[in-house]
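Listed here are the chains, written in short residue letters.
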Amino acid sequence: YKRQVDIFGYQKKVTNNIISNTEFISNKIKVPKERLFLKIFQKDHTIKSFLFNQSKPIQVLPIDELAYFFVDSATVNVLSIQNKIAFGIKKYLSDFAKTNKLDSESIDIWIHVKDEKVMIQAFSVDGFIQEITISSLIKFFR
């Protein structure tokens, strides 16, 4: 186990972004934030994301809205940031797939806020694969 040091506070910022954006959506659509799940996956080499109320899909989240989970609102509208996030997620899925001997298009990343903590889990068609740390996910966005 290698301890990661968050020197620039990036992990903390992303954690806060995920929590506050989940709260924002929760208030907007009047669904408790504990019931909201974000599913990110790759289909036909394109990153897709959906918002779920428990297991029921509610809406597609385009990459510009997905970006709010990972970067602050001041930089979210920069197209290169959105591209960097999409590319970073693709790279993460590709590396994760190789490590776990899976096809990158068979992996779903689920992000959920519970008790003010960000939970990230990976699933495949066969079920749960593993918990994912926020630091391992965001290192591809820098």
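Structure: see above.
Residues numbered from 1 in each chain as written. Predicted model: local features only at pLDDT ≥ 70, side-chain atom pairs only at ≥ 80, totals over all residues. Heavy atoms only, no water.

J.: I would appreciate a short explanation of the overall build of the protein in the present structure.
T.: In terms of helices and strands, the protein carries four helices and six strands. Relative to the globule expectation of 14 Å for 142 residues, the C-alpha radius of gyration of the protein, 14 Å, shows essentially globular dimensions. Projected onto its principal axes, the C-alpha positions of the protein cover 40 × 35 × 30 Å. Considering the protein as a whole, with its 142 residues, one finds that 42% of them fall into the buried category. (Helix = DSSP H or I, 4+ residues; strand = E, 2+ residues; numbered from the N terminus. Rg over C-alpha atoms; globule rule 2.2 N^0.38 Å. Buried < 20%, exposed > 50% of the residue type's maximum accessible area, 1.4 Å probe, protein only.)

J.: What is the right way to read the nonpolar core from this model?
T.: For soluble globular proteins, the rule of thumb is that nonpolar side chains tend to be buried together. Counting 36 residues, the largest nonpolar core has I18, I40, F70, I109 and I111 as its most contacted members. Broken down by secondary-structure element, the contributors of at least two residues to this core are α1 (10–29), β1 (36–43), β2 (46–53), α3 (79–99), β4 (108–114), β5 (117–124) and α4 (134–138). For this core, the element with the highest residue contribution is α3, accounting for six residues. (Core = buried A, V, L, I, M, F, W, Y, C linked by side-chain atoms within 4.5 Å.)

J.: In this structure, what is going on with α1? I would like to understand it.
T.: Think of an α-helix as 3.6 residues a turn; residues three or four steps apart then line up on the same face. Helix length check: α1, at 20 residues, gives a terminal C-alpha distance of 28 Å against a target of 28 Å (1.5 Å per residue), a fit within 8%. Structurally, α1 contributes buried residues whose contacts are with β1, β2, α2 (63–66), β4, β5 and α4. Trailing α1 by a residue or two, K30 shows a phi angle of about 60°, which is positive. (Expected span 1.5 Å × (residues − 1). Contact = heavy atoms within 4.5 Å.)

J.: Can you walk me through empty space enclosed by the protein in this structure?
T.: To find the voids left in a structure, one rolls a probe of water-molecule size over its atoms. A full pass over the atoms with the stated rule returns one cavity of 30 Å³ or more. In this structure, the largest cavity spans a volume of roughly 50 Å³. Every residue lining the largest cavity is listed: I18, T22, L36, F37, L38, L51, F69, I111, H112 and V113. Of the residues in the lining of the largest cavity, the class split is eight nonpolar, two polar and no charged. (1 Å grid on protein atoms, 1.4 Å probe; cavity = no way out; pocket = protein on both sides within 12 Å on 5 of 7 lines; lining within 4 Å. Points joined across faces, edges and corners; volume = space filled by probe spheres on them. Nonpolar A, V, L, I, M, F, W, Y, C, P; charged D, E, K, R; others polar.)

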